[in-house]
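Per-entry structural report
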Amino acid sequence: MIIDCIIIEDEPLAMERTKGYVHKIPYLNLIGEFNNGLDALAFLKSNQVDLILLDIEMDDLTGIELLKTLENQLKVIITTAYENYALQGYELDIADYLLKPFGFERFLKAIEKIANHFHNKEINEKDYLFVKTEYRMEKISFTDILFIEGMGDYRNIQTPRKKILTLQTFGELEKYLPKDRFIRVHKSYLVSIDKIEFVERSRIKIGDKRIPISDTYKDGFFQRIGFSNGK
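In what follows, the accompanying structure is described. For clarity, every value in this text was computed on a predicted model and none was experimentally measured. (Residues numbered from 1 in each chain as written. Predicted model: local features only at pLDDT ≥ 70, side-chain atom pairs only at ≥ 80, totals over all residues. Heavy atoms only, no water.)

1. Examining the sheet that holds strand β14 (residues 203-206)
- The sheet built from three strands is open, its strands ordered β13-β14-β15 with antiparallel pairing. Looking at the sheet topology across the chains shown, the edges are occupied by β13 (198-200) and β15 (209-212). Along the sheet, successive strands turn relative to each other by an average axial angle of 30°, direction set aside.
- Across four bridges, β14 lies against β15 in antiparallel orientation. (Pairing = 2+ DSSP bridges. Helix = DSSP H or I, 4+ residues; strand = E, 2+ residues; numbered from the N terminus. Axes fitted to C-alpha atoms, helices over the stretch in contact; angles between N-to-C directions.)

2. Quick look at the pattern of salt bridges
- Within the structure shown, the criterion is met by 17 salt bridges.
- Here Glu149 and Lys209 are joined by a salt bridge, their closest N and O atoms 3.5 Å apart. With a gap of 60 residues between them, Glu149 in strand β8 (residues 147-151) and Lys209 in strand β15 connect regions that are remote in the sequence.
- Three or more residues are tied together by salt bridges with common partners; here these are Glu9, Glu11, Asp55 and Lys100. (Salt bridge = Lys/Arg side-chain N within 4 Å of Asp/Glu carboxyl O.)

3. A few points about the pairing of strand β7 (residues 136-141)
- Pairing analysis gives six bridges linking strand β6 (residues 128-133) to β7, with the strands arranged antiparallel. For Val131, the partnering residue across the bridge sits in β7 and is Glu138.
- Connecting β6 to the antiparallel partner β7 that follows it, the hairpin turn spans two residues, and Glu134 within it adopts a positive phi of roughly 55°.

Shown next, in the form of structure tokens:
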């Protein structure tokens, strides 16, 4: 995953510091730097950008004025020495608000939040994942997955046609499964919600399989399917 970003900053020292932070993060790709909002706006009209690092108090066009012209899908982190724009910024749906002089740790925290957003969006747009099995990488459609079962060191991904065994952990697999379609119900089971036929006495029926719901995951599961504590 690569996040294309630009910096809009009229203070040379602040620009250099922010550029240095950007270059430390491998998945950030700096495609433009501007010392005024008008040049940045012209660039945005003909270039695709994922993230804007935006100063507020600039000549000709302020950061807030520029924000009001942007499309909603663009992610914006405000970088400013002034606290008084925070409320206005959040009303305009910014991702974060960094007060100068901010350190790299705070900058990284803001960037990771945005990276998680793009990662989840990427997952939700896909309808498959690849898993390591034997000596190959096998492509599995999300719609084919009935459930995933822990079997010692292996995970069995059960589809209507076959079992697919992988050494990948539940945690590794969950990173690539849409959270609105799959849920963990037991330390040894993760199920596809739309493949559930019924739930009875803390057991899930999927095909010929009866899958237990453990106490650890019970509340979260029943809340997900629209019930409280199984009632």
